[in-house]
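# Notes for the structure review
Single-letter residue listing:
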Amino acid sequence: MRRYHVITFGCQMNEHDSDRIRDVLDEAGYLPAAGLESADIVLLNTCSVREKSEQKLRSEVGRLGMLKRERPSLVIAVAGCVAQQEGERLVKRMPQIDVVIGPDHAAALPRLLEEVEQGSLPRVRTSFDVDAPRFLSSILSGRRGRVSDFVTVMKGCDERCTFCVVPTTRGPERYRPSEEIIAEVERLVQRGTAEVTLLGQTVDSYVDPLRNVERSTPIENAPVGRGAYGRRDESEFPGLLRAIAERVPALGRLRYTSPHPRHLTRRLIEAHRELAVLAKHVHMPVQSGSDRVLKRMLRRYTVAEYSERIAALRQAVPGLTLSTDIIVGFPGETAEDFEKTLELVDAIGFAGVYGFKYSPRPFTPALKLGDDVTAEEKSERLARLFDLSEGQRARHLERCVGSTAQVLVEGPGDRGGYTGRTERNEIVHFDAAHDPTGQFVEVAISYAFRHSLGGVPTSPALQPGPGSRAPGPRVVEPQPTRSPRMLPMLH
Ligand code: 5AD
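A quick note: this is a predicted structure, and the numbers were derived from the prediction, not measured. (Residues numbered from 1 in each chain as written. Predicted model: local features only at pLDDT ≥ 70, side-chain atom pairs only at ≥ 80, totals over all residues. Heavy atoms only, no water.)

Time to look at the sheet that holds strand E14 (residues 352–357). Paired through backbone hydrogen bonds, the strands of a sheet run either parallel or antiparallel to each other. Judged by pairing direction, the sheet is parallel, and its three strands sit side by side in the order E12-E13-E14 without closing on themselves. Only two strands of the sheet have a single neighbouring strand rather than two, namely strand E12 (281–283) and E14. Strand-to-strand twist of the sheet, defined as the mean angle between neighbouring strand axes without regard to direction, takes the value 10 degrees. As judged from the six bridges shared by strand E13 (residues 321–328) and E14, these two strands associate in the parallel manner. Residue pairing in the sheet places Thr 324 in a bridge with Val 353 of E14. (Pairing = 2+ DSSP bridges. Helix = DSSP H or I, 4+ residues; strand = E, 2+ residues; numbered from the N terminus. Axes fitted to C-alpha atoms, helices over the stretch in contact; angles between N-to-C directions.)

Given below as structure tokens:
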């Protein structure tokens, strides 16, 4: 029996792709290895959105190369965005690598592995399945349902944000038929999943290729805000949300990531107002608070438009929390531009901000703008952004104390008790008399930690007995987990 080990870098999309890769290998008769040492095949699922990812990959491959010297039969496979971007060049530079597959080739993995094991030269597959897009579904997998899981609705990206490598590494937008999406959601719910997050690089640009979701009128489809009338938006994402809500009524909670503010239409806002299943949290990347920078990033909205759309969404859904992505030190970003970003963050009040230092990526249009903000300046700006957003987060969490929240319990906490998330995406720790994993539990919030909340279940049946710890300063907050759901999406 051949055993595999998958190492994942990067975003939720990559985590999800790694799951599908495991499914494909399981299906082909491979077994998961307990770790690197017992693996016959090691697959590195790579990310190239920001870090010096190739360097990271190189050091990882170097480490595996040493293992391979001891065990020549070890097969090294590289998947994901670096694989797509570098293709053949990877095996030329790192001859230890046996297989390179771009994001659209997971299904071919067993065949390529077999060819390599039979002695063929390294195999490289990096084309995009533009004509017949394939979406691997978790339906294949016999795994037990997770409390919270992901369903891909589209792949690729047609935006041309000048900083972003995704159009090169993930290809053009391709959408999955709504019937397939709904069937997968239904299947997950039958297997015990309570929460589904719809995944896509610009998830709200979704259009049903088979035209089965309800379509909106041009006015409904206009993005909210100044000058938006007449600029018809082609997306039909709200129709998909409605179809899922209607057809899978047993679904407990629905989220999506990551949207582009361009598609925050009236109809999407209406969907948020009307669909109780939609979580009261949206991750809406803004990237900068300066119109000049947004223009150079080719984001296709202004700060005023972003703010107006967000205000309309908040008006429709009182209590909705927001998080965002911000790049500091984009080429040409002046101190004044950056102040405007701080002003926007301050004005909107995000419950979470993911800040990134700009890093030039291969093949991106921004390369020709240079990289003129110094490393020190980028660090300083990031630190200031972090201070501001940490303060906002702390104030937000403190305001939650004294309220009750519906917590979807994800499982035991790292340091005892149980952990789950509210519909507003706050993490909540609490003790319970018995294991409520997978259930919605009402929790009275009594304490704000730095990154999460603590509380007590309101139901007497779940309340822990005497002697158990009360949530509060005596309880050490579990280290903030970098759980996949907390990672920002490629966008
Ligand atoms: N440099 C820095 N941050 C980037 N992101 C994407 N490309 C770059 C880049 N070249 C950030 C964006 C995006 C998040 C996933 O990563 O903020 O929303």
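Past the structure itself, the notes keep going.
Along the chain, the position of His 260 falls in the loop between strand E11 (253–257) and helix H10 (266–274). Overall, the relative accessible area of 0% leaves His 260 in the buried class. A polar side-chain atom of His 260 sits 2.9 Å from the main-chain amide nitrogen of Arg 262. (Buried < 20%, exposed > 50% of the residue type's maximum accessible area, 1.4 Å probe, protein only. Polar contact = N/O pair within 3.5 Å; in protein donor to acceptor, adjacent residues only side chain to side chain.)

Let's shift gears to the sheet that holds strand E16 (residues 418–421). Spatially, the five strands close up into a barrel ordered E15-E16-E17-E19-E18, and their pairing is mixed. Each strand of the sheet is rotated relative to its neighbour by a mean of 50 degrees, with strand direction disregarded. As judged from the three bridges shared by strand E17 (residues 427–430) and strand E19 (residues 453–457), these two strands associate in the parallel manner. Within the sheet, the bridge partner assigned to His 429 lies in E19 and is Gly 454.

Quick look at empty space enclosed by the protein now. Tallied over the entire structure, the rule returns six cavities of 30 Å³ or more. Taken as a whole, the largest cavity encloses approximately 310 Å³ of empty space. Counting only elements with at least two residues in the lining of the largest cavity, the list comes to helix H1 (12–27) and strand E4 (75–80). If you tally residues by element for the lining of the largest cavity, the top one is H1, at five residues. The class makeup of the residues in the lining of the largest cavity is nine nonpolar, six polar and eight charged. (1 Å grid on protein atoms, 1.4 Å probe; cavity = no way out; pocket = protein on both sides within 12 Å on 5 of 7 lines; lining within 4 Å. Points joined across faces, edges and corners; volume = space filled by probe spheres on them. Nonpolar A, V, L, I, M, F, W, Y, C, P; charged D, E, K, R; others polar.)

Throughout the structure, instances matching the rule amount to six aromatic pairs. With 6.0 Å between their ring centres and 85 degrees between their planes, Tyr 175 and Tyr 206 make a pair best called edge-to-face. In this pair, Tyr 175 is assigned in strand E9 (residues 174–175) and Tyr 206 in the loop between strand E10 (195–199) and helix H8 (218–221), connecting sequence segments 31 residues apart. Both residues of the pair, Tyr 175 and Tyr 206, belong to the buried class. Between the aromatic rings of Phe 330 and Tyr 358, the centroid separation amounts to 5.4 Å while the plane-to-plane angle is 75 degrees, which identifies the pairing as edge-to-face. One end of the pair, Phe 330, is in the loop between E13 and helix H13 (335–348); the other, Tyr 358, is in the loop between E14 and helix H14 (375–400), and 28 residues separate them in sequence. The ring of Phe 356 carries the charged tip of Arg 50 above its face, separated from the ring centre by 3.7 Å. (Phe/Tyr/Trp six-rings, centres within 6.5 Å; stacked < 30°, edge-to-face > 60°. Lys NZ or Arg CZ within 6 Å of the ring centre and 35° of its normal.)

This paragraph deals with the packing of H13 against H14. In contact at an axis separation of 10 Å, H13 and H14 are set at 10 degrees when each is read in the N-to-C sense. Relative to H14, the element H13 is oriented roughly parallel. In this structure, H13 uses Ala 335, Phe 338, Glu 339, Leu 342, Val 345 and Asp 346 to contact H14, whose residues at the interface are Arg 381, Arg 384, Leu 385, Leu 388 and Gln 392. (Parallel < 35°, antiparallel > 145°, perpendicular 65-115°, else oblique. Contact = heavy atoms within 4.5 Å.)

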